[in-house]
Amino acid sequence: MEILNIEDVKKIDSRIYDSTVFITGVTGQDGSYMVDFLLKNTNVLIFGGARRLSIKNHENLKHLENNPRFKLVNFDLSDSHSIYKILEVIKPDYFINFAAQTFVGSSWDFPEQTWECNTTGIIHILESIKRHKSSCRFYNAGSSEEYGDVSYIPQDEKHPLKPRSPYGASKAAARLLVKVYRESYNLYAIQGLLFNHEGCRRGEEFVTRKITKGVARIKKSMLELKSFNSIELGNVDAKRDWSDAEDFVDGVWKMLNQKSPKEYVLSSNETHTIKEFVTLAFKSAEIEGVWHGNGTNAEFSISVSDAKKYNPVNSVLVKINTKFYRPAEVDLLLGDSNLARRELNWLPKTNFENLIDKMVKNDLNQIGL
Ligand code: GDP
């Protein structure tokens, strides 16, 4: 897909649209789902910010190739000039920031880059909004990782920020910056509190997609009577509150269109272990498995009845590799999104089982099953 320069953008007439939205991180999961949601439900003109890379990463946007309401613009969150130019030229009515160093695991390896992108970048956006378009409504992606070492269960909007990773700390600091700018300059600037959200566009470094892709790979090998490598995971006892990312972009848009700015938790209000995710993911591919052992000795192997049915070369489907453990873990996340359900009239449509089933079917389909 063509990436426009800021000079090309000047020639676009946006007056026929209700408003103009600038979205960062459009090549990723949340950004691309946000674009799809706005194209379907509104009449806004959308500019998506993307870096010009030698290897294109436009997989999540390929269905938008000729859509007149969506334009890709050359943009880099790590360059303040790029941010200022966007605000100066486009003067968007909404700025939705989904660009980030989003992977908690990598944030220990790249703490400075995580901070630059997730925190310093937010100062540049807020300053640019203040200078060039103070009526612009700003949404910054927040995370349940900001809660970290949780004080109580379930976690609602009042829960203290107790991050356990450089990622969580970078988002918690960004939250405080957004609040300070909102209160100091009367900006419509918010950072939603989104619990884990997944889907068919989820990056493979996240545990959910790693599992569903692994399930599809193993199923294919079993059907072809070939040997396979087990899926290797870290801490499978961690608990997360997982939802469908497509449900969340609706909630984000609702948060952005209130009378006055207010931040909400979005969550499924359920928590499940990684073990439960694994069990259900294999079940979606019609493979029954059983967990044995605990902690680093845990192992998920094919059930006796399915071993007879498939006669697989290997029987261990999932095993533990301690290299996927983190220096500090967030053991349990469980959201309370009742305030958003009441005040924003937001309700998620896809439950845990259906989310897993959708992801597994998609990954099976991608390899021809
Ligand atoms: P996060 O909640 O944003 O960190 O989302 P992730 O999907 O990266 O991780 C969710 C949980 O799965 C964390 O508690 C991880 O420690 C745990 N986990 C266990 N094994 C793995 C693995 O192999 N990869 C990832 N990414 N996470 C794992």
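What counts, and at which threshold
Residues numbered from 1 in each chain as written. Predicted model: local features only at pLDDT ≥ 70, side-chain atom pairs only at ≥ 80, totals over all residues. Heavy atoms only, no water. Helix = DSSP H or I, 4+ residues; strand = E, 2+ residues; numbered from the N terminus. Rg over C-alpha atoms; globule rule 2.2 N^0.38 Å. Buried < 20%, exposed > 50% of the residue type's maximum accessible area, 1.4 Å probe, protein only. Axes fitted to C-alpha atoms, helices over the stretch in contact; angles between N-to-C directions. Parallel < 35°, antiparallel > 145°, perpendicular 65-115°, else oblique. Left-handed = near helix turned anticlockwise from the far one by under 90°. Contact = heavy atoms within 4.5 Å. Nonpolar A, V, L, I, M, F, W, Y, C, P; charged D, E, K, R; others polar. Patch = residues over 30% accessible without salt bridge, like charges linked within 9 Å, V, L, I, M, F, W, Y side chains within 5 Å. Areas by Shrake-Rupley, 256 points an atom, 1.4 Å probe, with all protein chains shown as cover. Salt bridge = Lys/Arg side-chain N within 4 Å of Asp/Glu carboxyl O. Pairing = 2+ DSSP bridges. Right-handed = clockwise from strand over helix to strand, strands pointing away. Near = heavy atom within 4 Å. Polar contact = N/O pair within 3.5 Å; in protein donor to acceptor, adjacent residues only side chain to side chain. Core = buried A, V, L, I, M, F, W, Y, C linked by side-chain atoms within 4.5 Å. Disulfide = S-S within 2.5 Å.

> Help me understand the overall build of the protein chain, please; the structure alone is not making it clear to me.
A tally of helices and strands in the protein chain yields eleven helices and 17 strands. For 369 residues, the compact-globule formula gives about 21 Å, and the C-alpha radius of gyration of the protein chain, at 21 Å, lands near that figure. Summarising its shape, the C-alpha atoms of the protein chain cover approximately 65 × 45 × 40 Å along the three principal directions. Split into buried and exposed, the 369 residues of the protein chain put 54% on the buried side.

> Would you mind going over the packing of helix H8 (residues 274–284) against helix H11 (residues 352–366) with me for this structure?
Packed helix pairs are characterised by how far apart their axes lie and by the angle those axes make with each other. The interhelical angle for the contact between H8 and H11, taken along N-to-C directions, is 55 degrees, at an axis separation of 9 Å. When the axis of H8 is compared with that of H11, the two are oblique. In terms of crossing hand, the pair formed by H8 and H11 is right-handed. Contacts from Phe277, Leu280, Ala281 and Ser284 in H8 reach Phe352, Glu353, Ile356, Asp357, Val360 and Lys361 in H11. Here the residues of the contact of H8 with H11 sort into six nonpolar, one polar and three charged.

> How should a nonpolar patch on the surface be read in this particular structure?
A cluster of nonpolar residues, Leu223, Ile367 and Leu369, forms a patch on the protein surface that exposes about 240 Å² of accessible area. Secondary-structure assignment places Leu369 in the segment after H11. Under the relative-accessibility criterion, Leu369 is labelled partly exposed at 41%.

> Explanation requested: the pairing of strand E6 (residues 137–140) in the structure shown.
Look at any regular strand and the pattern is simple: side chains alternate between the two faces of the sheet. Direction of pairing for strand E5 (residues 94–97) relative to E6: parallel, over a ladder of four bridges. Counterpart to Asn97 in the pairing with E6 is Asn140. Strand direction decides the pairing type here: E6 and strand E7 (residues 189–191), joined by three bridges, are parallel. Bridging from a neighbouring strand, Phe138 pairs with Ala189 of E7. Once you follow E6 into helix H5 (residues 166–185) and on to E7, the crossover reads as right-handed.

> In this structure, what is going on with the site of the ligand? I would like to understand it.
The full set close to the ligand counts 18 residues, and Lys210, Gly234, Arg240, Arg326 and Glu329 are the nearest of them. Asn196 is positioned with one of its side-chain polar atoms (N or O) 2.9 Å from an oxygen atom of the ligand. Coverage of the ligand by the protein chains reaches 96% of its 530 Å² of free accessible surface. The set of elements that each furnish at least two residues to the shell around the ligand consists of helix H6 (207–223) and strand E10 (231–233). Here the shell around the ligand is composed, by residue class, of eight nonpolar, three polar and seven charged.

> Would you explain the side chain of Gln101 in this entry?
Position of Gln101 relative to the elements: it lies in the loop between E5 and helix H4 (111–132). A polar contact is formed between the side chain of Gln101 and the backbone nitrogen of Phe103, at a distance of 3.1 Å. With near-sequence residues (within four places) excluded, Gln101 lies in contact with Ser106, Ser107, Gln113, Thr114, Cys117, Asn118 and Tyr167.

> What am I meant to see in the sheet that holds strand E3 (residues 45–50) here?
Each strand in a sheet pairs with its neighbour through backbone hydrogen bonds, running either in the same direction (parallel) or in the opposite one (antiparallel). An order of E1-E4-E3-E2-E5-E6-E7 is seen for the seven strands of this open sheet, with the pairing classed as parallel. With partners counted over all chains shown, the strands left at the sheet margins are strand E1 (3–4) and E7, one partner each. Examined bridge by bridge, E1 and strand E4 (residues 70–74) share two bridges and lie parallel to one another. Note that in E4 the partner of Leu4 across the bridge is Val73. Sheet contacts for helix H2 (residues 29–41): strand E2 (20–24), E3, E4 and E5; angle to E2, the most-contacted strand, approximately 160 degrees. The strands that helix H7 (residues 245–256) touches are E2, E5, E6 and E7; relative to E6, the one it contacts most, it runs at about 140 degrees.

> What's the story with the nonpolar core in this structure? I'm lost.
Ranked by size, the top nonpolar core spans 39 residues in total, and within it Ile23, Met34 and Tyr139 carry the most contacts. Mapped onto this core, the elements with two or more residues apiece are E2, H2, E3, E4, E5 and H7. Top contributing element to this core by residue count: H7, with seven residues. Listed in part, the 32 residues of the second largest apolar core include Ile231, Ile287, Ala298 and Phe300.

> What is the right way to read the state of the cysteines from this model?
As used in these notes, a disulfide is a covalent bond between sulfur atoms, one from each of two cysteines. For the structure shown, the criterion picks out zero disulfides. Distance from the sulfur of Cys136, which forms no disulfide, to the nearest cysteine sulfur (Cys117) is 18 Å. With relative accessibility at 0%, the residue Cys136 sits in the buried group.

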